[in-house]
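# Summary of structural features
Chain by chain, the residues:
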Amino acid sequence: MDALALPAVAAALAWSTQYAIVPRIPEPTADEWTPGWTKPTYAGLASPRDQTAAGLLGLLGGASALACPPWQVPVMVVLAGPVASLALVDARTTYLPVSLTRLCQLLAVVAMIAGLTLSSTPGPLAIRWAVAATATWLVFWLMWRLTRSLGYGDVRLAPLLALGPAAGSLESWTWFLVLGTGIAAAWGLAAQLWRRSRPSPLGTIFPYGPGLVLGCWLAVALS
């Protein structure tokens with residue numbers, strides 16, 4: 001793929017996901033609702049406004065990966081395309097739907113296989129991916145288990161996002177952990193300050209996923 005085409009492809013995939021897949025996501029069951037919080041329906045997130053937002057996010061994510069080597073591009077197409085739509089859903093609803101997350105994971109596996117075929121050192125690349133994904137899952141699982149400061153959806157999402165920076169280097173992956181958690185924490189602090197004067201039924205709940213996604217894209221752009 002021509003590097004300059006990456007933002008356009010990612011934007012098209014993000015828009016398509018928001019248009020065709022998000023409206024078909026099953027709604028959470030009654031026991032999964034946050035008391036007092038009226039979540040926007042997934043069908044309602046297929047509005048022209050949300051489709052446009054998803055496309056613009058895909059464009060931004062794709063632009064962050066313009067300097068990527070060829071073997072990193074397939075994974076970044078997924079992380080800047082369908083995952084951009086997933087981040088938008090989280091931002092709008094505070095939920096990371098399991099079905100959409102699993103679709104992104106499946107697409108990432110296909111992208112990894114494509115990346116391995118494009119790499120001159122597929123063995124070290126595969127090991128780097130395995131180490132980064134496993135370590136990321138462990139870090140976020142411990143955060144979820146010990147602090148409950150994030151949801152289990154974020155535990156599923158984080159290893160997926162680690163694949164993008166790790167395709168470049170383990171240093172880039174480290175930056176993802178720092179930037180992703182830092183941006184998400186800043187987002188959460190801003191949300192709490194905002195709610196001091198504008199009470200919300202969400203209380204201390206805030207979408208952690210968008211911060212992780214932005215951290216991933218930024219780590220790739222800086223690598």
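Treat the numbers as computed from the prediction; the structure is a model and nothing was measured. (Residues numbered from 1 in each chain as written. Predicted model: local features only at pLDDT ≥ 70, side-chain atom pairs only at ≥ 80, totals over all residues. Heavy atoms only, no water.)

## Notes on the packing of aromatic side chains
- Summed over the entire model, instances satisfying the criterion amount to 3 aromatic pairs.
- A ring pair is formed by Trp 15 and Tyr 19, whose centres lie 5.1 Å apart and whose planes are at 10°; its orientation type is stacked. Residue Trp 15 and its partner Tyr 19 are located together in helix H1 (residues 6–21), separated by 4 residues, close to a single helical turn.
- Here Trp 15 falls in the partly exposed class, since its relative accessible area comes to 36%.
- Here Tyr 19 falls in the partly exposed class, since its relative accessible area comes to 48%. (Phe/Tyr/Trp six-rings, centres within 6.5 Å; stacked < 30°, edge-to-face > 60°. Helix = DSSP H or I, 4+ residues; strand = E, 2+ residues; numbered from the N terminus. Buried < 20%, exposed > 50% of the residue type's maximum accessible area, 1.4 Å probe, protein only.)

## Points about the pattern of salt bridges
- Under the counting rule described, the total for this entry stands at 2 salt bridges.
- A salt bridge links Lys 39 to Glu 27; its shortest N-O distance comes to 2.8 Å. With a gap of 12 residues between them, Lys 39 in the loop between H1 and helix H2 (48–63) and Glu 27 in the loop between H1 and H2 connect regions that are remote in the sequence.
- Judged by its relative accessible area of 5%, Lys 39 falls in the buried class.
- According to the relative accessible area criterion, Glu 27 is partly exposed, its value standing at 36%.
- As a salt-bridge pair, Asp 50 and Arg 92 come within 3.0 Å of each other at their nearest N and O atoms. Pair noted here: Asp 50 is in helix H2 and Arg 92 is in helix H4 (residues 82–93), with a separation of 42 residues, a long-range link. (Salt bridge = Lys/Arg side-chain N within 4 Å of Asp/Glu carboxyl O.)

## Some points on the confidence of the model for the protein
- Across the protein, pLDDT averages 91, with 91% of residues at or above 70.
- Mean pLDDT per element in the protein: helix H8 (residues 170–197) is the minimum at 86, and helix H5 (residues 98–118) is the maximum at 97. (pLDDT = per-residue confidence, 0-100.)

## Side note on the side chain of Asp 50
- Residue Asp 50 is classed as buried on the basis of its relative accessible area, which comes to 2%.
- Setting aside its immediate chain neighbours within four residues, Asp 50 contacts Gln 18, Gly 44, Leu 45, Leu 88 and Arg 92. (Contact = heavy atoms within 4.5 Å.)

## Section: the nonpolar core
- The biggest cluster of nonpolar side chains holds 58 residues, and the ones touching the most others in it are Leu 79, Val 83, Phe 140, Leu 157, Leu 160, Leu 161 and Phe 176.
- Where this core is concerned, the elements lending two or more residues are H1, helix H3 (73–80), H4, H5, helix H6 (122–147), helix H7 (152–168), H8 and helix H9 (209–222).
- Per-element tally for this core: the top contributor is H7, with 9 residues.
- When neighbours within four sequence positions are excluded, Phe 140 is seen to be in contact with Leu 150, Val 155, Ala 158, Leu 177, Thr 181, Tyr 208 and Leu 212. (Core = buried A, V, L, I, M, F, W, Y, C linked by side-chain atoms within 4.5 Å.)

## A short note on the state of the cysteines
- What the rule picks out here adds up to 0 disulfides.
- Cys 68 takes part in no disulfide bond, and the closest cysteine sulfur, belonging to Cys 216, lies 9.4 Å away.
- Owing to a relative accessible area of 13%, Cys 68 belongs among the buried residues under this scheme.
- Cysteine Cys 104 is unpaired, with the sulfur of Cys 216 as its nearest cysteine sulfur at 12 Å. (Disulfide = S-S within 2.5 Å.)

## Digging into the side chain of Gln 51
- Residue position: Gln 51 is located in helix H2.
- A distance of 3.3 Å separates the side chain of Gln 51 from the side chain of Trp 15, its partner in a polar contact.
- What Gln 51 contacts, discounting residues up to four positions off in sequence, is Trp 15, Gln 18, Tyr 19 and Ala 46. (Polar contact = N/O pair within 3.5 Å; in protein donor to acceptor, adjacent residues only side chain to side chain.)

## Section: the environment of Gly 180
- If you trace the backbone, Gly 180 turns up in helix H8.
- Along the chain, Gly 180 and Met 76 lie 104 residues apart, while their C-alpha atoms are 16 Å from each other.
- If we ignore the near neighbours within four places in the chain, the residues touching Gly 180 are Trp 175, Gly 211, Leu 212 and Gly 215.

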